[in-house]
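Notes for the structure review
Now for the letters of each chain:
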Amino acid sequence: SRPRWRRTLDAWGGISVVASVLGAIVIVGALVLLNRPGSSVSGEPYIPVERTAIDGKRWGSADAPVKIIEFADFQCPFCRAFALETERLLATEFIDTGTVQLTFHDFAFLGAESRRAAEAAECAADQNHFWEFHDLLFLRQGNENSGAFSDDRLKQVARELQPVHVEFDADGFDACLDSGRKAAVVDQSTASAANAGITQAPSFVINGKLLTGAQGIDVFRRAIQQALEAAGAGS
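Quick caveat, the model's predicted, so the values are computed rather than measured.

Further remarks concern the nonpolar core. Core analysis: the biggest nonpolar cluster contains 57 residues, and Ile-68, Phe-74, Phe-133, Ile-206, Phe-220 and Ile-224 have the highest contact counts within it. For Ile-68, the residues in contact, after removing those within four places along its chain, are Leu-90, Val-100, Gln-101, Leu-102, Thr-103, Phe-204, Val-205, Ile-206 and Ile-224.

Moving on, we get to helix α5 (residues 130–139). Taking burial as the measure, the 10 residues of α5 include 10 buried ones, the bulk of the element. Listing the buried residues of α5 in full gives Phe-130, Trp-131, Glu-132, Phe-133, His-134, Asp-135, Leu-136, Leu-137, Phe-138 and Leu-139.

Within the structure shown, the criterion is met by one disulfide. Between the sulfur atoms of Cys-123 and its disulfide partner Cys-176 the distance amounts to 2.1 Å. One disulfide, between Cys-123 and Cys-176, carries an S-S torsion of -80 degrees and so falls in the left-handed class. On the criterion of sequence distance, the pair formed by Cys-123 in helix α4 (residues 112–125) and Cys-176 in helix α7 (residues 170–179) is long-range, its members being 53 residues apart. Cys-176 shares its class with Cys-123; the two are buried.

Let's shift gears to the sheet that holds strand β4 (residues 100–106). Spatial strand order, β1-β2-β4-β3-β5-β6: six strands in an open sheet with mixed pairing. At either end of the open sheet lies a strand with only one pairing partner, and these are β1 (54–55) and β6 (209–212). Here strand β2 (residues 58–59) pairs with β4 via two bridges, running antiparallel. Across the sheet, Trp-59 pairs through a bridge with Leu-102, a residue of β4.

How two aromatic rings sit relative to each other is given by the distance of their centres and the angle of their planes. Tallied over the entire structure, the rule returns 11 aromatic pairs. A ring pair is formed by Phe-74 and Phe-104, whose centres lie 5.2 Å apart and whose planes are at 20 degrees; its orientation type is stacked. With Phe-74 in the loop between β3 (66–72) and α3 (77–95) and Phe-104 in strand β4, this residue pair connects regions lying 30 residues apart in the sequence. Residues Phe-74 and Phe-104 agree in their burial class; the two are buried. Summarising the aromatic geometry, the rings of Phe-82 and Phe-220 are spaced 5.5 Å apart at their centres and angled 35 degrees between planes, so their arrangement reads as tilted. Taken together, the positions of Phe-82 in helix α3 and Phe-220 in helix α9 (residues 217–230) put the pair 138 residues apart, joining distant regions of the chain. When sorted by exposure, Phe-82 lands in the same class as Phe-220, which is buried. One aromatic cluster is present, formed by Trp-59, Phe-74, Phe-104, Phe-130, Trp-131 and Phe-138 through successive ring pairs. Stacked on the ring of Trp-59, the Lys or Arg Arg-51 has its end atom at 4.3 Å from the ring centre.

Rules used throughout
Residue numbers run consecutively from 1 along every chain, following the written order of its sequence. Residues qualify for local features only when their pLDDT is at least 70, as the model is predicted, and side-chain atom pairs are given and counted only at 80 or more; totals for whole chains, interfaces and linings, by contrast, use all residues. Values reported for side chains reflect all heavy atoms of the structure, with hydrogen atoms and water molecules removed beforehand. In these notes, a set of buried Ala, Val, Leu, Ile, Met, Phe, Trp, Tyr and Cys residues joined through side-chain atoms within 4.5 Å is what counts as a nonpolar core. Only protein chains enter the area calculation, which uses a 1.4 Å probe; residues under 20% of their type maximum are buried, those over 50% are exposed, and those in between are partly exposed. In this description, contact between two residues means that some pair of their heavy atoms is separated by no more than 4.5 Å. Under the scheme used here, helices are H or I runs from DSSP no shorter than 4 residues and strands are E runs no shorter than 2 residues, and both carry numbers assigned from the N terminus. Pairs of cysteine sulfur atoms within 2.5 Å are what we label disulfides. The pairing criterion is simple: DSSP has to find at least two bridges between the two strands. Classification of ring pairs rests on two measures: the distance between centres of Phe, Tyr or Trp rings, Trp counted by its six-membered ring, which must be within 6.5 Å, and the angle between planes, read as stacked under 30 degrees, edge-to-face over 60 and tilted in between. For a ring to carry a charge above it, either NZ of a lysine or CZ of an arginine must fall within 6 Å of the ring centroid while also lying within 35 degrees of the normal to the ring plane.

Here is the structure:
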């Protein structure tokens, strides 16, 4: 006669059925683990970027002959690529030299966490730390609407900023975020971008001309040169 464990196994459909069920359980467990809130967030260290001529969400000289308006969403991976790669090169070649002024414009279209992240950045802007918070948000970006930009995690980002910029008031930031008073600002910004014909992020308006996508530095070099020539300031 068959042992009891084998009779029980057969009653459940046999070895193949039980193995399939166990395999499905393992897969579901792995998916839950991988998609838990914040599981996709990068652990890269935050290294502050030196910036000069900061005015709120504007970076660069007000007298710069080329004005670039960036439309971005903090959950957008292509916006992250621009912020952490091309933007740094743009700064060295054009912003720091007085040729370009860059202005960030919220286009929070990817969901609730996009809007809350943008609200958090607006709260940081009240303390003149928009750009530092901008860098940290893109550094800590996770999967869309996965909990990476939950309120608790946004407050953790503020705590990550505080040791580097000791004047930053994290408790004041929390109060601002909890109040929801920046929601109207973000919604208005996003709506005005859509009304202006912005349909994807990142998008850039360079002296009135639209450039879309996370383009490399060579594309920006050409666009900036064209803008300088059109303004009569090109070499």
